[in-house]
Amino acid sequence: MDTSWSHCVLIGEIANFVAYMFAPAALVTPLGALSIIVSAVLAHFILNEKLQRMGVLGCVLCIVGSTVIILHAPEEETPSSVAQIWHLATQPAFLCYAASALAISLILMLHCAPRYGQTNIVVYVGICSVIGSLTVMSIKAVGIAIKLTIEGINQAGYFQTWLFATVSATCIIIQLVYLNKALDTFNTAVVSPIYYAMFTSLTILASAIMFKDWYGQSISSIASEICGFLTVLTGTFVLHSTREHDPTLSSDLYTPLPPIYWHIQGNSETVGKQKEDGLLSGDFITVVRQDYFV
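Cut-offs used in this document
Residues numbered from 1 in each chain as written. Predicted model: local features only at pLDDT ≥ 70, side-chain atom pairs only at ≥ 80, totals over all residues. Heavy atoms only, no water. Helix = DSSP H or I, 4+ residues; strand = E, 2+ residues; numbered from the N terminus. Buried < 20%, exposed > 50% of the residue type's maximum accessible area, 1.4 Å probe, protein only. Contact = heavy atoms within 4.5 Å. Areas by Shrake-Rupley, 256 points an atom, 1.4 Å probe, with all protein chains shown as cover. Core = buried A, V, L, I, M, F, W, Y, C linked by side-chain atoms within 4.5 Å. UniProt positions renumbered as here; feature names shortened; annotations may be inferred. Axes fitted to C-alpha atoms, helices over the stretch in contact; angles between N-to-C directions. Parallel < 35°, antiparallel > 145°, perpendicular 65-115°, else oblique. Left-handed = near helix turned anticlockwise from the far one by under 90°. Nonpolar A, V, L, I, M, F, W, Y, C, P; charged D, E, K, R; others polar. Polar contact = N/O pair within 3.5 Å; in protein donor to acceptor, adjacent residues only side chain to side chain. pLDDT = per-residue confidence, 0-100. Phe/Tyr/Trp six-rings, centres within 6.5 Å; stacked < 30°, edge-to-face > 60°. Lys NZ or Arg CZ within 6 Å of the ring centre and 35° of its normal.

As for the overall build of the protein
From N to C terminus, the protein includes eleven helices and two strands. N-terminal to C-terminal, the α/β element order of the protein is α-α-α-α-α-α-α-α-α-α-β-α-β. Considering the protein as a whole, with its 294 residues, one finds that 38% of them fall into the buried category. At a minimum sequence separation of 6, the contacts of the protein that also span at least 24 residues come to 78%. Put simply, the protein shows about 17,700 Å² of open surface, and 66% of that area lies on carbon and sulfur atoms.

Now the structure itself:
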């Protein structure tokens, strides 16, 4: 079962990686909510987890929002080389975003995580989301380089290709470390929608700055995309809020209790004599009247 699950996750991540080669991040990232719908439906039929009416409503909202995003998605012009992507990555606007993202991540990792990481969910999830937006940008660059190389335009000779690959690997490792910390510390049903909201919002922002996804689009199309994303976001929160939670065992569940002794005696004189003889401990509870019991 574990091997099959790992294979499914690997296939999904490969498909997600390929999607970034051909479509803008503003389209691919929000559609990640569709995986939540598939998981909920499979859990309903395979794992017998009850999908409540509000859960069905959440699925419908995700589908409607995703449809709106697809219909108004921007058309992307694929760069002709990694050097062109490097030019986009070194423009002042994206450099400001990248510098801000790194500064916020360092503050969260070095200052906030040791102090508030165990109590504030935004700390770990914020690190994953900010670093994740940079991960998507670098992975998209690597994906385009691979696509161009397959088409016969070799990109392995550019140092930018390997730089983007290094950034991708580093960001993925950091993202996975803090995502696992968030999942170990907080409830998955709380982490997932918050992470989706923050990660998707920052990724769309980063892609709009670097690749200019919304350049040339009308105001109505941009507004429709935003409304579609908000609809998907609402559906995600609704769907996760209706998930059934497994009861968790507290750490002191198996802590031994102090011994409690019960002695049922109809004759109070006998009990008194036993107390005087020191046969009863302080934990001994005596029920004198037998007529209290049927």
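Quick notes on the nonpolar core
Counting residues in hydrophobic clusters, the biggest one holds 54 residues, and the most contacted among them are Phe 94, Tyr 124, Leu 134, Met 137, Phe 164 and Met 210. Of the residues forming this core, the biggest block, 16 residues, is contributed by helix α7 (residues 121-150). Residues in contact with Phe 94, not counting those within four places in the same chain, are Leu 88, Ala 89, Leu 134, Met 137, Ala 206, Ile 209 and Met 210. In terms of nonpolar packing, the next biggest core, distinct from the first, is built from six residues, Ile 37, Ala 40, Cys 59 and Leu 239 among them.

Some words on the UniProt feature "transmembrane region" (unreviewed entry) in the protein
In the numbering adopted here, UniProt assigns the feature "transmembrane region" (unreviewed entry) to residues 20-47, 54-73, 85-109, 121-146, 158-178, 190-211 and 217-239. Between the end C-alpha atoms of residues 20-47 there is a gap of 32 Å, over a span that is 68% helix and 0% strand.

Side note on the packing of helix α4 (residues 53-71) against helix α10 (residues 219-241)
Two quantities define a packed helix pair, namely the angle between the axes and the distance from one axis to the other. Direction vectors running N to C along α4 and α10 enclose 160°, while the axes themselves pass 7 Å from each other. What the angle tells us is that α4 and α10 run roughly antiparallel. Our pair here, α4 against α10, has a crossing hand that is left-handed. Judged by residue contacts, Met 54, Gly 55, Gly 58, Cys 59, Leu 61, Cys 62, Gly 65, Ser 66, Val 68 and Ile 69 of α4 engage Ser 224, Glu 225, Gly 228, Phe 229, Thr 231, Val 232, Thr 234, Gly 235, Thr 236, Val 238 and Leu 239 from α10. Partitioned by chemical class, the residues of the contact of α4 with α10 number ten nonpolar, ten polar and one charged.

Description of the side chain of Ser 129
Note that Ser 129 resides in helix α7. With a relative accessible area of 0%, Ser 129 lands in the buried category. A distance of 2.8 Å separates a polar atom in the side chain of Ser 129 from the backbone oxygen of Val 125. Among the polar contacts made by the side chain of Ser 129, one reaches the main-chain amide nitrogen of Phe 199 at a distance of 3.4 Å.

Looking at the confidence of the model for the protein
Taken residue by residue, the protein gives an average pLDDT of 79. The fraction at 70 or more is 78%. Here residues 268-276 scores under 50 on pLDDT; set against residues more than four positions off or in separate chains, the count is eleven contacts.

Quick look at the packing of aromatic side chains
The final tally for this structure, using the stated rule, is six aromatic pairs. Between Tyr 196 and Phe 229 the ring centres are 6.5 Å apart and the planes differ by 40°, which places this aromatic pair in the tilted class. Of this pair, Tyr 196 sits in helix α9 (residues 188-210) while Phe 229 sits in helix α10, placing them 33 residues apart in sequence. Through a chain of ring-to-ring contacts, the aromatic side chains of Trp 86, Phe 159 and Phe 164 assemble into a single cluster. Over the ring of Phe 211 we find Lys 140, and its NZ or CZ is 5.5 Å from the ring centre.

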